[in-house]
Amino acid sequence: QKEVEQNSGPLSVPEGAIASLNCTYSDRVSQSFFWYRQYSGKSPELIMSIYSNGDKEDGRFTAQLNKASQYVSLLIRDSQPSDSATYLCAVGNSGNTPLVFGKGTRLSVIA
Amino acid sequence: GAGVSQTPSNKVTEKGKYVELRCDPISGHTALYWYRQSLGQGPEFLIYFQGTGAADDSGLPNDRFFAVRPEGSVSTLKIQRTERGDSAVYLCASSLQGLEAFFGQGTRLTVV
């Protein structure tokens, strides 16, 4: 059974701080990793993808991947109240298998 | 189309009835996924199409659930003899070559 684990939160951070979201996965051969943002009542929105070890930066977002530790994280710099949402970690094997999602971490950015 | 389109947005049905949920993927995307999401949970995989064929239907909970994609584009998820436990948001996603997946707005199904 492939599993993706996330702390459900809520994770509360003050406006302007760095929010750090973590995810672990069980399938050692996983090759693709994604972070989705989901606002209440809306569908998941893809915000980051990462495929190789190390860091990938896109604006205020940085995804970090460590395949040896089976760990992926998302850092949000200069957090804004509009970042308050549930963040879903998703893991895939190859292009021919469906993504497995974690339950999500609820982030609350306090103004 | 510009994005994944799902219809209807909301569906209320009586226990025991049959429902169809439609998904129109992003133009050119060969992979199509159906997921189900309950409150406070992550999306739960149901079925995955690559082209017209179901590449993986291991997530379908039982034989009341069936999905088709006859021309490799639009897909329909069919649920027979609906039960109250089927109430959830049904999400469809599509991707190009099975990598980054983009979701539609979902169909909220309520079985009363």
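Reading the values: the criteria
- Residues numbered from 1 in each chain as written.
- Chains lettered and ligands numbered in written order.
- Predicted model: local features only at pLDDT ≥ 70, side-chain atom pairs only at ≥ 80, totals over all residues.
- Heavy atoms only, no water.
- Contact = heavy atoms within 4.5 Å.
- Buried area = accessible area lost by both parts, 1.4 Å probe.
- Helix = DSSP H or I, 4+ residues; strand = E, 2+ residues; numbered from the N terminus.
- Nonpolar A, V, L, I, M, F, W, Y, C, P; charged D, E, K, R; others polar.
- Disulfide = S-S within 2.5 Å.
- Buried < 20%, exposed > 50% of the residue type's maximum accessible area, 1.4 Å probe, protein only.
- Core = buried A, V, L, I, M, F, W, Y, C linked by side-chain atoms within 4.5 Å.
- Pairing = 2+ DSSP bridges.
- Axes fitted to C-alpha atoms, helices over the stretch in contact; angles between N-to-C directions.
- Salt bridge = Lys/Arg side-chain N within 4 Å of Asp/Glu carboxyl O.
- Phe/Tyr/Trp six-rings, centres within 6.5 Å; stacked < 30°, edge-to-face > 60°.

(A) Quick look at the interface of chain B and chain A. With 21 residues of chain B in contact, the opposing surface of chain A contributes 18 residues. Summing the contributions of chain B and of chain A, the shared interface buries around 1,500 Å²; its carbon and sulfur component is 56%. The set of elements that each furnish at least two residues to the side of chain B that touches chain A consists of strand S4 (31–37), strand S5 (44–50) and strand S10 (101–103) of chain B. Along the lines of polarity and charge, the residues of the side of chain B that touches chain A split into ten nonpolar, nine polar and two charged.

(B) Representation of the state of the cysteines within the structure. Residues and elements named next belong to chain A. For the structure on display, the rule yields two disulfides over all chains. Paired through a disulfide, Cys-23 and Cys-89 show a sulfur-sulfur distance of 2.1 Å. Linking Cys-23 and Cys-89, the disulfide has an S-S dihedral of approximately -75 degrees and is accordingly described as left-handed. Here the residue Cys-23 occupies a position in strand S3 (residues 19–25), and Cys-89 occupies one in strand S9 (residues 85–92), the gap between them amounting to 66 residues. In terms of burial, Cys-23 and Cys-89 fall into one category: buried.

(C) Here's a closer look at the nonpolar core. By size, the foremost hydrophobic cluster in this structure holds 23 residues, and its most contacted members are Trp-35, Val-72, Leu-74, Ile-76 and Tyr-87 of chain A. Of all elements in the fold, only S3, strand S4 (32–38), strand S5 (45–50), strand S7 (61–66), strand S8 (71–76), S9 and strand S11 (105–110) of chain A reach the threshold of two or more residues within this core.

(D) A look at the sheet that holds strand S8 (residues 75–79) of chain B. Residue and element names in this part refer to chain B. With antiparallel pairing, the four strands of this open sheet are ordered in space as S1-S3-S8-S7. Two strands in the sheet have a free side with no partner beyond their single neighbour: strand S1 (5–7) and strand S7 (65–68). Direction aside, neighbouring strands of the sheet carry axes that sit 15 degrees apart on average. As judged from the five bridges shared by strand S3 (residues 19–24) and S8, these two strands associate in the antiparallel manner. Counted as the bridge partner of Val-19 is Ile-79 from S8.

(E) Just the pattern of salt bridges, in detail. Residue and element names in this part refer to chain A. Applying the stated criterion across every chain yields a total of seven salt bridges over all chains. A salt bridge links Glu-57 to Arg-77; its shortest N-O distance comes to 3.4 Å. Highlighted residues: Glu-57 in strand S6 (residues 54–58) and Arg-77 in the loop between S8 and S9, separated in sequence by 20 residues. Judged by relative accessible area, which is 60%, Glu-57 ranks as exposed.

(F) The arrangement of unusual backbone geometry in detail. Between Gly-9 of chain A and the following residue, Pro-10 of chain A, the backbone shows a cis peptide bond with an omega angle of 10 degrees. The omega angle of the peptide bond from Thr-7 of chain B to Pro-8 of chain B is -10 degrees, so this bond is cis rather than trans. Summarising the element assignment, Pro-8 of chain B is placed in the loop between S1 and strand S2 (10–13). Backbone geometry places Gln-70 of chain A, a non-glycine residue, at a positive phi of 55 degrees. Along the chain, the position of Gln-70 of chain A falls in the loop between S7 and S8. Even without being a glycine, Arg-81 of chain B presents a positive backbone phi close to 45 degrees. By the secondary structure assignment, Arg-81 of chain B is in the loop between S8 and strand S9 (88–95).

(G) Spatial organisation of the packing of aromatic side chains. Within the structure shown, the criterion is met by ten aromatic pairs over all chains. When the centroid spacing of 5.9 Å and the interplanar angle of 85 degrees are considered together, the rings of Phe-34 of chain A and Tyr-51 of chain A count as edge-to-face. A residue pair is termed long-range when its members are at least 10 positions apart, and Phe-34 of chain A in strand S4 and Tyr-51 of chain A in the loop between S5 and S6 qualify at 17 residues. Owing to a relative accessible area of 0%, Phe-34 of chain A belongs among the buried residues under this scheme. With centroids separated by 5.9 Å and ring planes inclined at 55 degrees, the aromatic side chains of Tyr-35 of chain B and Phe-103 of chain B adopt a geometry described as tilted. Linking Tyr-35 of chain B in strand S4 with Phe-103 of chain B in strand S10, this pair joins segments that are 68 residues apart in sequence. Accessibility expressed as a relative area gives 2% for Tyr-35 of chain B, which makes it buried.

That's the geometry; what it means functionally is another story.
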